[in-house]
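Chain residues, written in single-letter form:
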Amino acid sequence: MRALSRAPYHALRGGGAVIEGAEFLLTHRHIPRRLILHFGAAAACVLVATWPAAWLAAHFPPPPAITLPWYLVLVEWLWANLPVVLAAEFAAWFALTAYVALALPRRLVWAVMAQREVPLPSPLPRDSRGPALAWLGAGGVGWALIAGVPVFGPVAAAVLACLVLGGGLVVTTLTLRGWSWGNVLSFILTHWAMIVGLGLGLIVSLAIPVVNLAALPCAVAGTGCLLLREPRPEAIRTTEGTVPCASPDK
């Protein structure tokens, strides 16, 4: 019960990471200027992702009608618009997968680490994209299978998409910090509420026109700021030969 009571707090922490990332990039304007091509590639991934999503929204079967009391009107509205919600989540998944595969967000993550005075791991990870793409690929397949289950399958898929997207950002960041695959999965299982909130924040930001063009870099930067406050699960030597520790006030 205590874990469930703390879940909304951690979900809000995760959801606010996108806003924190935007604040970080506005405060350190030299990072976007230096990575202008990276930000352009992220915007292109978002624009391309909107095309299949618009087609897909018309092909999701509509959910059965329900009638709820007036104070649950938001739930009923979301239920009635479930195909649009699933299409928006698919667009977010497509954009994030293309972004991780093509835009290589490692330079942005390492820029955040440098600004926060967190040393890089030694040796540097060779393939930072593999674990994130594996997570997003497996999560995307699971999402699609669950969405096909009648009645409550689309609802479960809508929730699962938040975990998949938030997990994709977390896997990307922690892999670049030098964490092992096992430690990353353990972190996801123990911080599921924060990761769901992070995924929901990404979905919402990608659904807002114009804002969505910078949403992916903001989410990556915000995830970096959020996770650099988390202690490392093991002593991983850095390029300076020390065990890194990020101060919460940095």
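Residues numbered from 1 in each chain as written. Predicted model: local features only at pLDDT ≥ 70, side-chain atom pairs only at ≥ 80, totals over all residues. Heavy atoms only, no water.

> Looking at this model, I keep getting lost on the packing of aromatic side chains. Mind explaining?
We describe a pair of aromatic rings using the distance from one ring centre to the other and the angle between the two ring planes. The tally for this structure, following the rule as stated, stands at three aromatic pairs. Connected via pairs of aromatic rings, a cluster forms that spans Phe90, Trp93 and Phe94. (Phe/Tyr/Trp six-rings, centres within 6.5 Å; stacked < 30°, edge-to-face > 60°.)

> Hey, could you run me through the environment of Phe39 in this one?
Within the secondary structure, Phe39 sits in helix 4 (residues 36-57). Through-space distance from the C-alpha of Phe39 to that of Ala214 is 6.9 Å; in sequence the pair is 175 residues apart. Sequence-distant contacts of Phe39, defined by excluding residues within four places in its chain, comprise Leu25, Pro32, Leu213 and Pro217. (Helix = DSSP H or I, 4+ residues; strand = E, 2+ residues; numbered from the N terminus. Contact = heavy atoms within 4.5 Å.)

> Even after reading the chapter, I still don't get unusual backbone geometry, so can you show me in this structure?
What you tend to see is this: most non-glycine residues have negative phi, and most peptide bonds are trans. The phi angle at Leu104 is positive, at roughly 50°, despite the residue not being glycine. Turning to its location among the elements, Leu104 is positioned in the loop between helix 6 (82-103) and helix 7 (106-115). With a phi angle near 60°, Glu117 is a residue other than glycine that sits in the positive phi range. Structurally, Glu117 is set in the loop between helix 7 and helix 8 (129-147). With relative accessibility at 56%, the residue Glu117 sits in the exposed group. (Buried < 20%, exposed > 50% of the residue type's maximum accessible area, 1.4 Å probe, protein only.)

> Help me out: how do you make sense of the layout of surface pockets in this one?
The probe, sized like a water molecule, is rolled over the atoms to show the empty space still left. Approximately 610 Å³ is the volume attributed to the largest pocket. Lining the largest pocket are 26 residues, and of these Leu78, Val85, Glu89, Ala158 and Leu200 sit closest to its centre. At the level of elements, helix 1 (2-15), helix 5 (73-80), helix 6, helix 9 (153-176) and helix 11 (192-206) are the ones that each hand at least two residues to the lining of the largest pocket. Ranked by residues supplied to the lining of the largest pocket, first place goes to helix 11 with seven residues. Broken down by class, the residue content of the lining of the largest pocket amounts to 22 nonpolar, three polar and one charged. By volume, the second largest pocket amounts to about 240 Å³. Lining the second largest pocket are 16 residues, with Ala53, Ala88, Ala91, Leu206 and Ala207 positioned closest to its centre. Sorting the residues of the lining of the second largest pocket by element identifies helix 4, helix 6 and helix 11 as the ones contributing at least two each. Split by residue class, the lining of the second largest pocket holds 14 nonpolar, two polar and no charged. (1 Å grid on protein atoms, 1.4 Å probe; cavity = no way out; pocket = protein on both sides within 12 Å on 5 of 7 lines; lining within 4 Å. Points joined across faces, edges and corners; volume = space filled by probe spheres on them. Nonpolar A, V, L, I, M, F, W, Y, C, P; charged D, E, K, R; others polar.)

> Explain the nonpolar core to me, please; I cannot follow it from the model alone.
Core analysis: the biggest nonpolar cluster contains 56 residues, and Leu25, Leu96, Tyr99, Val170, Leu202 and Leu216 have the highest contact counts within it. Sort the elements by how many residues they give to this core and helix 12 (residues 215-227) lands first, with nine residues. Residue contacts for Leu96: discarding those within four places in its chain leaves Leu136, Leu165, Leu169, Leu202 and Leu216. (Core = buried A, V, L, I, M, F, W, Y, C linked by side-chain atoms within 4.5 Å.)

> Just checking my understanding: could you explain the confidence of the model for the chain for this structure?
Close reading of the predicted structure is inappropriate where its pLDDT is low. Averaged over every residue, the pLDDT of the chain is 84; residues scoring 70 or more account for 90%. Note on residues 235-250: pLDDT is under 50 here. Beyond four places in sequence and across chains, it has 26 contacts. (pLDDT = per-residue confidence, 0-100.)

> I tried to follow the side chain of Arg177 on my own but got confused; where do I start?
As for its placement among the helices and strands, Arg177 is situated in the loop between helix 9 and helix 10 (181-190). When its relative accessible area of 3% is taken as the criterion, Arg177 is described as buried. One polar contact links the side chain of Arg177 to the main-chain carbonyl oxygen of Leu227, over a distance of 3.1 Å. (Polar contact = N/O pair within 3.5 Å; in protein donor to acceptor, adjacent residues only side chain to side chain.)

> Is there a simple way to explain empty space enclosed by the protein in this structure?
With the rule as written, the count across this model stands at two cavities of 30 Å³ or more. Of the volumes computed, that of the largest cavity is approximately 60 Å³. In this structure, the largest cavity is lined by Glu89, Phe90, Trp93, Gly140, Trp143, Ala161, Val164 and Leu165. Listing elements by their share of the lining of the largest cavity, those giving two or more residues are helix 6, helix 8 and helix 9. Across the lining of the largest cavity, the residue classes tally to six nonpolar, one polar and one charged.

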